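# Coordinates in review
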Amino acid sequence: MPFGSDCVRRPVEDAALRNLQLENLRKAIAELDVQGQNLLSLRYSDALTMDEIGQIYGISKMAVSKRLKKLHEKLGSSVS
């Protein structure tokens, strides 16, 4: 069992940190090119599968996966 300050929850600080990370994520997404923004929107806002996105762009499911992975890496480095 943790002891000392490790046990103490800090909801206000946690919420502030989450809000800061969310704002950083929004800024990072806004800085992506239009295709990157559209790809993320199709995948997460429209909940399309990688196959469906591939059909829209005329690329394979694997190509969609690779592009999303690169976007995730780019966004991850911007937020952390």
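In what follows, the accompanying structure is described. Small disclaimer: the values here were computed from a predicted structure and weren't measured. (Residues numbered from 1 in each chain as written. Predicted model: local features only at pLDDT ≥ 70, side-chain atom pairs only at ≥ 80, totals over all residues. Heavy atoms only, no water.)

## Some points on the overall build of the protein chain
The condition that has to hold: To qualify as a helix, a DSSP run of H or I must reach at least 4 residues; to qualify as a strand, a run of E must reach at least 2; elements of each kind are numbered from the N terminus. Accessible area is worked out with a 1.4 Å probe on protein chains only. A residue is then buried under 20% of its type maximum, exposed over 50%, and partly exposed in between. By definition in these notes, contact holds between two residues if any of their heavy atoms fall within 4.5 Å. Each accessible area is a Shrake-Rupley estimate made with a 1.4 Å probe; only the visible protein chains count as cover when residues are assessed.
Per the secondary structure count, the protein chain includes 4 helices and 0 strands. The N-to-C order of helical and strand elements in the protein chain reads α-α-α-α. Here the protein chain, with 80 residues, has 16% of them falling under the buried criterion. Nonlocal contacts in the protein chain, meaning residues at least 24 apart in sequence, comprise 47% of its contacts between residues at least 6 apart. Element-wise, carbon and sulfur atoms account for 55% of the exposed surface of the protein chain, whose accessible area totals about 6,200 Å².

## Topic: the packing of helix 2 (residues 34–45) against helix 3 (residues 50–57)
For clarity, the cut-off: Lines fitted to C-alpha atoms define the axes here, with helix axes fitted over just the stretch in contact, and angles between the N-to-C directions of these axes take values from 0 to 180 degrees. Oblique is the label for any angle not covered by the other classes, which are roughly parallel (under 35 degrees), roughly antiparallel (over 145) and roughly perpendicular (65 to 115). The sense of a crossing depends on the near helix, which, turned anticlockwise from the far helix by less than a right angle, makes the crossing left-handed and, turned clockwise, makes it right-handed. In this classification, Asp, Glu, Lys and Arg are treated as charged, Ala, Val, Leu, Ile, Met, Phe, Trp, Tyr, Cys and Pro as nonpolar, and every other residue, Gly included, as polar.
Where helix 2 contacts helix 3, the axes come no closer than 10 Å and their chain directions differ by 140°. Of the possible angle classes, the one that applies to helix 2 and helix 3 is oblique. For the pair helix 2 and helix 3, the sense of crossing is right-handed. Facing Gln35, Asn38, Leu39, Leu42 and Arg43 of helix 2, the residues of helix 3 in contact are Met50, Ile53, Ile56 and Tyr57. For the contact of helix 2 with helix 3, the per-class residue count stands at 6 nonpolar, 2 polar and 1 charged.

## Here we look at unusual backbone geometry
Phi at alanine 47 is positive, roughly 55°, even though this residue is not glycine. In this structure, alanine 47 sits in the loop between helix 2 and helix 3.

## With respect to the nonpolar core
Side chains that are nonpolar tend, in soluble globular proteins, to be buried together. Worth spelling out the cut-off: Nonpolar cores were defined as sets of buried Ala, Val, Leu, Ile, Met, Phe, Trp, Tyr and Cys residues, with membership established by side-chain atoms within 4.5 Å.
Core analysis: the biggest nonpolar cluster contains 11 residues, these being Ala28, Leu32, Leu39, Leu40, Leu42, Leu48, Ile53, Val64, Leu68, Leu71 and Leu75. Examining the composition of this core, we find that 4 residues originate from one element, helix 4 (residues 61–79), more than from any other.

## Quick notes on helix 4
Structural remark: α-helix, 3.6 residues per turn; residues separated by three or four positions point the same way. Heads up, the condition is: Expected helix span is taken as 1.5 Å per residue step, with the number of steps being one fewer than the number of residues. The arc in question is the one traced by the directions running from the helix axis out to the C-beta atoms.
With 19 residues, helix 4 should cover 27 Å at 1.5 Å per step; its first-to-last C-alpha distance of 27 Å lies within 8% of that length. Along helix 4, the residues classified as buried are Val64, Leu68, Leu71 and Leu75. End-on view of helix 4: buried residues confined to an arc of 65°, all on one side of the axis. Residues Met62, Lys66, Lys69, Lys70 and Ser77 are exposed on helix 4 and point more than 90 degrees away from its buried face. Against the buried residues of helix 4 lie helix 1 (11–30), helix 2 and helix 3.

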